[in-house]
Amino acid sequence: SHDGEFAMRVKELEYRVNRYRRQSHELGQNLRELFSSDSNDLFCDFDGASNASICHEGYVTLFPLLLGLLKPDDPLVGKLLATMRNPALLWSEAGIRSLSKRDPYYGRGDGYWTGPIWIPINYLVLAALHSKYAAEQGPY
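Everything numeric here is computed off the predicted structure, so don't read it as measured data. (Residues numbered from 1 in each chain as written. Predicted model: local features only at pLDDT ≥ 70, side-chain atom pairs only at ≥ 80, totals over all residues. Heavy atoms only, no water.)

Caption draft 1: Structural detail: the packing of aromatic side chains. Taken as a whole and assessed by the stated rule, the structure comprises one aromatic pair. Centroid distance Tyr59 to Phe63: 6.4 Å. Interplanar angle 70°. Geometry classified as edge-to-face. With Tyr59 and Phe63 both in helix 2 (residues 59-66) and four residues apart, the pair spans about one turn of that helix. Taking the relative accessible area as the measure of exposure, Phe63 reaches 29% and is therefore partly exposed. (Phe/Tyr/Trp six-rings, centres within 6.5 Å; stacked < 30°, edge-to-face > 60°. Helix = DSSP H or I, 4+ residues; strand = E, 2+ residues; numbered from the N terminus. Buried < 20%, exposed > 50% of the residue type's maximum accessible area, 1.4 Å probe, protein only.)

Rendered as structure tokens:
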């Protein structure tokens, strides 16, 4: 019957929603386990060749926030916002720097990833702040 098919479809959708919630939670846990550094509260790159974390204050540090992967009440949101606001780190009059001024790689090479600002990162900052972190309740 039509009602039976509808009920089965609802059950299937509920199953998928619950599965996606579990996967989202597991991905969040993996994010913290694989890419966060306890020593400096940063998210880091992972170098598979050396099996080590490589931490730089900059775009890599910000990606969990920029992609909306952190809950608005997560203490790391406050720490990342403070990192972005700090003129000695990422804040500049032109926008958020791609890499902290105090990082040894800042300004090296062609400046594409290591220069003063990178517009796509600034767009992601504004989009995340507007659509998630300013729109949802949180202490920051």
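Caption draft 2: Structural context of the packing of helix 2 against helix 4 (residues 119-133). Taken N-terminus to C-terminus, the directions of helix 2 and helix 4 make an angle of 30°; their axes are 9 Å apart at the nearest point. The orientation of helix 2 relative to helix 4 falls into the category roughly parallel. Taken as a pair, helix 2 and helix 4 cross one another with a handedness that is left-handed. Residues Tyr59, Phe63, Pro64, Leu65 and Leu66 of helix 2 form the contact with helix 4, whose own contacting residues are Ile121, Leu124, Val125, Ala128 and Tyr133. Class assignment for the residues of the contact of helix 2 with helix 4 results in 10 nonpolar, no polar and no charged. (Axes fitted to C-alpha atoms, helices over the stretch in contact; angles between N-to-C directions. Parallel < 35°, antiparallel > 145°, perpendicular 65-115°, else oblique. Left-handed = near helix turned anticlockwise from the far one by under 90°. Contact = heavy atoms within 4.5 Å. Nonpolar A, V, L, I, M, F, W, Y, C, P; charged D, E, K, R; others polar.)

Caption draft 3: A look at the nonpolar core. Among the nonpolar cores identified, the biggest contains 21 residues, and Leu62, Leu65, Leu70 and Met84 are the most heavily contacted of them. Every element with two or more residues in this core is listed here: helix 2, helix 3 (75-85) and helix 4. In this view, Met84 contacts Leu62, Leu65, Leu90, Trp91, Ile96 and Val125; residues no more than four positions away in its chain are not counted. (Core = buried A, V, L, I, M, F, W, Y, C linked by side-chain atoms within 4.5 Å.)

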